[in-house]
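Understanding the architecture of this molecule
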Amino acid sequence: MIKTEKVLHLKSSRGRKVRVVREHYLRERVPCFSSLCQADCENDGKVLPGDLTHYVVPDAEVVVNYLEVLEFPELQGLVITQTACQALHSKGRRFCDRLRNLLKDQRHDCVLFANEFQEYSYCPREKAESQEKWQTRCVYAAAVWYYNHLAGLMNVVMITEDEEAVSRFSSLNSGVFVIRVQDYLQNFWPELKAAHELYSSITQVLQEKEGEDSQREFSEHLPAEVLEAGIKSGRFIQGTLNVSKHRPQNEAFITNQGLSTKNPGAEAPLRSSFLLAEPAPTLDNLWEFWAHSYFRFSASDLSSGVLVFGSKSRNRAVHGDMVVVELLPKSEWRGKVTVLTEGQVDEKSGDDSETKAMPTGRVVGILQRNWRDYVVTFPPRDGTQSQSRNSQRILVIPWDRRIPKIRISTQQADALQDHRVVVRIDSWPSTSLYPNGHSVRVLGRAGELETEVQTILMENCIHVPPFSEAQLREMPVNSSENPWTVDPAEAAERRDLRETHLVFSIDPRGCEDVDDTLSVRSLAGGKLLELGVHIADVTHFVSEGSLTDLEARSRATTYYLADRRHDMLPSVLSADLCSLLGGVDRYAMSVLWELDAQSLAVTKVWFGRTLIRSSYQLHYELAQALLNGEEAEVPELARVDPEERDTKLTELTEALEKLTHIGRHLRAQRDRGGALELEGVEVRAQLDEEKNITALVPRQPLEVHETVAECMIYANHWVARKIQEVFPYQALLRRHPPPRQELFSQLVDTAQARGFAMDTRTNKALADSLDRAVDPQDPLVNRLLRMMATQAMSQAVYFSTGAQPEDQFYHYGLALDRYTHFTSPIRRYADMVVHRLLTAALQVEQGAEPAKTPAGNKDLEELAEHINNKNRAAQRAQNLSMGLFQCLFFKERDPEIDPRCVADGIIYAIRDNGVLVFIPEYGVKGPVYMRNKEGRVVSTGPDGTCEWQTGSVRRYTDHIITTSGSGSATFRLFDHITVRISVLCTNCHADSLNLEVINNKLHRSAAPQQPSSQGRNQLVQEVVRLAEEAQEKAAQRPKLPREEREFQQSKVPNLYSILEEIRELALMDLETASRVCPTTA
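None of the values given here were measured: they were computed from a predicted structure. (Residues numbered from 1 in each chain as written. Predicted model: local features only at pLDDT ≥ 70, side-chain atom pairs only at ≥ 80, totals over all residues. Heavy atoms only, no water.)

Some words on the overall build of the protein chain
For the record, the criterion: Each helix is a run of H or I in the DSSP string that is no shorter than four residues. Each strand is a run of E no shorter than two, and both are numbered from the N terminus. Accessibility here uses a 1.4 Å probe with only protein chains present; expressed as a share of the type maximum, an area under 20% marks a residue as buried, one over 50% as exposed, and anything in between as partly exposed. Using the Shrake-Rupley algorithm and a 1.4 Å probe, accessible areas are obtained, with residue cover drawn only from the displayed protein chains.
What the protein chain contains, in helices and strands, is 31 helices and 41 strands. With 1081 residues in all, the protein chain has 55% of them scored as buried. Carbon and sulfur atoms make up 48% of the accessible area of the protein chain, which totals about 47400 Å².

Written out as structure tokens, the structure is:
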């Protein structure tokens, strides 16, 4: 080891130059991370393969400016130098995190080389040498060292944008080539068009310069040290900026969950208003800056969050950024706007919080940018300023209304009009009204179904490329020529239940990916009952750290859209070897309880790996028919002798009856503890012979739904107890925090208007109140109240037990002290983690060391947050997809003459200028205006027909009155009205449904009924037709080969997956959302 020194010339906060000397140690042996290493380096972890034609060493400037190009997985053999990594720090934490993730990802051939600690590659900076030239020289020295270290076995290509470096270094060493990035892409990757286009886009942005210095449009952000000191003192507030979906131009909020001060429970000092115009403070005048007059505020004022009103107060912060806010004086506080806006279906806020002035502030700094890929649309020529069009600097309009317009440079502005394009933001200087960015790739023409679906995925950061060949090579083979069989050695280590237990599954009709089965039998002469829950043993086939595991971890869940699904695992597992199909041997993870036959108290519980063979693959309707004593044909008994069939049918029916008895007991237990039954969207999919969706219809509630759900909840609960007992600080559990009481204000007020009292102090009190709030004349009343309760709920989240105190483990909706997800490992990565934890826990109890040490608390909490984020993204994508298909159904219809565009709606909320309405027939919620933009109001005739007239609107707590020349009309909560449905089409954003009242009476003068299935049938059938037409237009595209169709992505979901998506992507666990849950928890 050689000691040297690094001299740094820094500038202090006062502007003085400071010379800092640091010790620097050089080593002869530094890992090279190459499989061709000839010096026996200690290359732990990922190594570069030796079967490549060359390694690529990018210059520091290339890493800083073209990191997005380097992220293409086709670019293999990347060596990122320590010099380049340090240079990237200048662009901020977000870019460093991206590089860190690239280096950690086993799917990318990319390694980090510590060249500045290697004795023979280290280059001290020469006197008067610029930093850029020194960095280029360091990277070239690293490239030469690599070539020599590998004894010339691998050519090395250094890519740079420095022309002088190309001419200087290109001919010095025969095995080290120095070329420009553009030349490298053209010579080595001519077919990688996406990389070429991205390179050109970034290059054009870098070359663009502002013509003239413009005046400052925003105030400068305060220095980081000032922000930190202000947060610690309680003077500033930090949190995540959430821009309003309905009023994005004016309203943004720092929500309560994101608020952070020094001491939230104490009062905090704030500057008075006259200081706002002062220049930004520095460290020199910081204490003087704080010494001015203050006023105090109570933390209770922040219970509803902080309002940031107007784009100027937002100060270049973008939705999702972590910002620092300074509160304005109370005299400048504002309230949220309460009038309806286009597409509004906001139910979380109570009436009081909407009208009362709330804490209002302005952004003074940004702690972390959370920019992502944005989908934008190029505006028509007339919508762009001529000078911008001539200079090819275009203001594009983001699909997400919460994002400001983005200025990009392009030479294809005319060709890309009316197209959806992916862009990334590069910067937002204080002299610009809009952020600057560059285009990444084109999705397609706006309005086409495939383009809109890809837009939804991109906007939610969902990336689901086809499974790679390397990942598919890890999969077991199961074909007619080479069928998969049980490994005798593996079977010997498992508990064999094939001959001792009657195992069966109960799933939706046509289900193929069965991840759970059940068993129940009598023991000890009928004194005991044994209940078994058997879950597909996915982790047997997916090793931790494998490429398939890394891909599943990245996706975290299976993504369900209205017309397709994207699997978390290849279908050879999800629909075959991990699917517990009838009549075949399968590996499982099982939980078996011995219960007292009378009290159903648990006397013994067993966890472990098993070998099962499901005897019956039942669907819900068949199982319920058997329970009801109805004539039903079980497919597995169709070819059995009548006498034997009767015996087996009796055995199966008795098992179902025992299971139902246990399910009722389990539900009653949770009901006594305060379990909630909330309202969720319940649909059933109808598929044709080719597994295409032909209809979505409301699913009829059956008791067997609840029975299966209770068994799965029970298994999840007991597994949570087991892994938390063995790993108290590193178990992955799922908690559901109690909701904030102020979010129940709309539920309480709405129920009171109908004569019902709502007690929301505890989950038990809320459950009892909802059970009592039943109107015998209108079943939709209770349904709407439960929907409002659902909207008020916080979201259930995964967490590591070491990150929360034990009193925070509680699941509010399920009324359980500990809970996790264990029963769906085919489609949830969290369940795979729990399976591994359970396996390790059982090994520890047996006195053996776990095959692999479970992740620590910090790593597990990071994983939990990643899964939570992906689950939220999946939920948003599913909701947007359903909205897209609803619009597609109504888009081609004439609302004036088509009877399918007229439906019954029920009023569930009152606003200043209208009401919010729920349409059961189509499952649609939206605003109905009582006063339009022209100031005219709804007037009703003697027969209830509505028309627009000049008049006024007056809002009350439980009703709204319109007054015109024809008299007055009153619309009350829970009134049924007739609405006309049309589509508001926009080129740059998602289409939305427009609801207009046409009669103040119930549609078709019928009594309120349960939701009809006909409307949704027609909706999905029509959307399928449109999708088929879109596919015909794209017929020239090559079809996927059979291997891709079978192993990569499932374009068409099966019946089971549609129901599964509803449960998983609900606001909270479906077990708590409905007693008619069709699947596992």
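Alright, that's what it looks like, and here's the rest.
So, the nonpolar core
Threshold: Residues belong to a common nonpolar core when they are buried Ala, Val, Leu, Ile, Met, Phe, Trp, Tyr or Cys residues joined through side-chain atoms within 4.5 Å. Two residues qualify as a contact provided that any one of their heavy atoms is within 4.5 Å of a heavy atom in the partner residue.
Membership of the largest hydrophobic core comes to 89 residues, with the highest contact counts inside it found for Phe504, Ile506, Trp593, Leu618, Leu656, Leu732 and Phe822. Residue contacts for Leu618: discarding those within four places in its chain leaves Phe504, Ser505, Ile506, Asp507, Ala623, Val634, Leu652 and Leu656. In terms of nonpolar packing, the next biggest core, distinct from the first, is built from 58 residues, Leu676, Val924, Val979 and Leu993 among them.

Here we look at unusual backbone geometry
Unlike most non-glycine residues, Cys461 shows phi in positive territory, near 55 degrees. Considering the arrangement of structural elements, one finds Cys461 in the loop between helix 14 (449–459) and helix 15 (469–473). Here Cys461 falls in the partly exposed class, since its relative accessible area comes to 31%. With a phi angle near 55 degrees, Ala524 is a residue other than glycine that sits in the positive phi range. Relative to the elements of secondary structure, Ala524 occurs in the loop between strand 22 (516–523) and strand 23 (528–536). For Ala524, a relative accessible area of 52% puts it in the exposed group.

Notes on helix 26 (residues 829–845)
Applied cut-off: To estimate the expected span of a helix, subtract one from its residue number and multiply by 1.5 Å.
The end-to-end C-alpha distance of helix 26 is 25 Å, a good match for the 24 Å that 17 residues give at a rise of 1.5 Å each. Downstream of helix 26 by one or two residues, Gly847 has phi in the positive range, about 85 degrees.

Some remarks on the packing of aromatic side chains
Stated formally: A pair of Phe, Tyr and Trp rings is counted when the ring centres sit within 6.5 Å of each other, with Trp represented by its six-membered ring. The angle between the planes then sorts it: under 30 degrees is stacked, over 60 is edge-to-face, the rest tilted. Remark: a charge is flagged as sitting over a ring if the NZ atom of Lys or the CZ atom of Arg is within 6 Å of the ring centre and within 35 degrees of the ring normal.
Throughout the structure, instances matching the rule amount to 17 aromatic pairs. Plain terms: the ring middles of Phe890 and Tyr922 are 5.1 Å apart, the flat faces sit at 85 degrees to each other, and that makes the pair edge-to-face. Separated by 32 residues along the polypeptide, Phe890 in helix 27 (residues 857–891) and Tyr922 in the loop between strand 34 (914–919) and strand 35 (924–929) bring together distant segments of the chain. With respect to class, Phe890 is no different from Tyr922; both count as buried. Among the aromatic residues, ring-to-ring pairing joins Tyr55, Phe113, Trp145 and Tyr146 into one connected group. A cation over an aromatic ring shows up here: Arg334 above the ring of Phe309, its NZ or CZ 3.6 Å from the ring centre. Here Arg735 stacks its cationic end above the ring of Phe799, 5.9 Å away from the centre of that ring.

A closer look at the confidence of the model for the protein chain
Put simply, the rule is: Within a predicted model, pLDDT stands for the predictor's per-residue confidence, ranging from 0 to 100.
Of all residues in the protein chain, 82% attain a pLDDT of 70 or more, and the chain-wide mean is 82. Segment residues 383–391 is flagged for pLDDT under 50; beyond a separation of four residues in sequence, or across chains, it makes 13 contacts in the model. Low pLDDT (under 50) marks residues 683–688, which in the prediction has 31 contacts with non-local residues, meaning those over four places away or in another chain.

Comments concerning the packing of helix 26 against helix 27
Selection rule: All axes here are fitted lines through C-alpha atoms, helices being fitted over the stretch that makes contact, and every angle between N-to-C directions spans 0 to 180 degrees. Oblique is the label for any angle not covered by the other classes, which are roughly parallel (under 35 degrees), roughly antiparallel (over 145) and roughly perpendicular (65 to 115). Polar here means any residue outside two lists: the nonpolar Ala, Val, Leu, Ile, Met, Phe, Trp, Tyr, Cys and Pro, and the charged Asp, Glu, Lys and Arg; Gly therefore counts as polar.
Contact pair helix 26 / helix 27: the axes reach a minimum separation of 10 Å and the direction vectors enclose 155 degrees. Our classification of the angle between helix 26 and helix 27 gives roughly antiparallel. On the side of helix 26, the interface is formed by Tyr829, Ala830 and Val833, while helix 27 contributes Leu860, Leu863 and Ile867. When grouped by side-chain class, the residues that make up the contact of helix 26 with helix 27 number 6 nonpolar, no polar and no charged.

Digging into helix 23 (residues 745–753)
Note the threshold: Here the arc refers to the directions that run from the helix axis out to each C-beta atom.
Considered for burial, the residues of helix 23 that qualify are Gln746, Leu747, Thr750 and Ala751. What you see down the axis of helix 23 is that its buried residues fit within an arc of 120 degrees, all on one side. On the buried face of helix 23, the contacting elements are helix 24 (763–772), helix 25 (780–792) and strand 33 (902–911). Positive backbone phi, at 95 degrees, marks Gly755, one or two positions downstream of helix 23.

Thoughts on the sheet that holds strand 22
So the rule is basically this: Here, strands pair whenever DSSP counts at least two bridges between them.
On the basis of which strands lie adjacent, the open sheet formed by 7 strands has the order 20-27-26-23-22-21-28 and mixed pairing. Each of the sheet's edge strands pairs with one partner strand only, and the pair in question is strand 20 (495–496) and strand 28 (616–619). Both strand 23 and strand 26 (residues 585–596) contribute to a ladder of 9 bridges, which runs antiparallel. In the sheet register, Gly532 faces strand 26, and the bridge partner there is Leu592. Along the sheet, helix 26 makes contact with strand 23, strand 26 and strand 27 (602–613), crossing strand 27 at roughly 115 degrees.

Overview of the side chain of Thr653
As a reminder of what qualifies: Any N or O atom pair separated by 3.5 Å or less is treated as a polar contact, with the protein-specific requirement of one donor-capable and one acceptor-capable atom, and with residues adjacent in sequence counted only for side-chain atom pairs.
Structurally, the position occupied by Thr653 is in helix 21 (residues 642–673). At a separation of 2.8 Å, a polar atom in the side chain of Thr653 contacts the main-chain carbonyl oxygen of Leu649.

Notes on the sheet that holds strand 37 (residues 946–955)
Working definition: the strands of a sheet are paired by backbone hydrogen bonds and lie parallel or antiparallel to each other. With antiparallel pairing, the 4 strands of this open sheet are ordered in space as 36-37-38-39. Each edge of the open sheet carries a strand with a single partner, namely strand 36 (936–940) and strand 39 (967–972). The mean angle between the axes of side-by-side strands here comes to 50 degrees, regardless of whether they run parallel or antiparallel. Where strand 37 lies against strand 38 (residues 959–964), 5 bridges are found, and the strand directions are antiparallel. If you follow Gly951 over to strand 38, its bridge partner there is Ser964.

Details of the pattern of salt bridges
Convention followed: In the sections that follow, a salt bridge refers to a side-chain nitrogen of Lys or Arg positioned within 4 Å of a carboxyl oxygen of Asp or Glu.
Across all of its chains, the model carries 57 salt bridges by this definition. A salt bridge links Asp563 to Arg564; the shortest N-O distance between them is 2.9 Å. Overall, Asp563 belongs to the buried group, its relative accessible area being 16%. Take Arg564: its relative accessible area is 6%, and that puts it in the buried class. Shared partners join several salt bridges into a network, and the residues in it are Asp496, Arg498, Glu499, Asp585 and Arg613.

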